[in-house]
Amino acid sequence: MTVHPTAMMRLDGKPYWDNRYTEKFKKVRNAAGVPSNVWSMDSRAGAVSETIEATGSLEAARDLATHTTTKTTRRYSRGDGLETSRKITEAREKNRT
């Protein structure tokens, strides 16, 4: 069986069947009281978006998400960029003094 290199893996290194990961995520989501309209991809996109906002670094988010390119990471980012712009402006001002 050919498995995509970014596929979720079990602890023993074997790939999850497509629906097994979904079912495991659903159990965790429900136990945590997270609404059923939140999917695994939403939590991943949230982590990418928060990393970009916190660090101002698309590369840091790319590394976190284990994406090959920042182009993929940019698709996951759901932020508006305002907070990132603020942080960059503050860092630039601080660097000038």
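Use the structure listed above.
Residues numbered from 1 in each chain as written. Predicted model: local features only at pLDDT ≥ 70, side-chain atom pairs only at ≥ 80, totals over all residues. Heavy atoms only, no water.

Caption draft 1: Quick look at the pattern of salt bridges. Enumeration according to the criterion identifies 3 salt bridges in this entry. We note a salt bridge from Glu23 to Lys26, for which the minimum N-O separation is 3.5 Å. Residue Glu23 and its partner Lys26 are both found in helix H1 (residues 18-31); the two are separated by 3 residues, about one turn of the helix. A salt bridge links Arg62 to Asp63, with the nearest nitrogen and oxygen atoms 3.1 Å apart. On the accessibility criterion, Arg62 (22% relative accessible area) is partly exposed. (Salt bridge = Lys/Arg side-chain N within 4 Å of Asp/Glu carboxyl O. Helix = DSSP H or I, 4+ residues; strand = E, 2+ residues; numbered from the N terminus. Buried < 20%, exposed > 50% of the residue type's maximum accessible area, 1.4 Å probe, protein only.)

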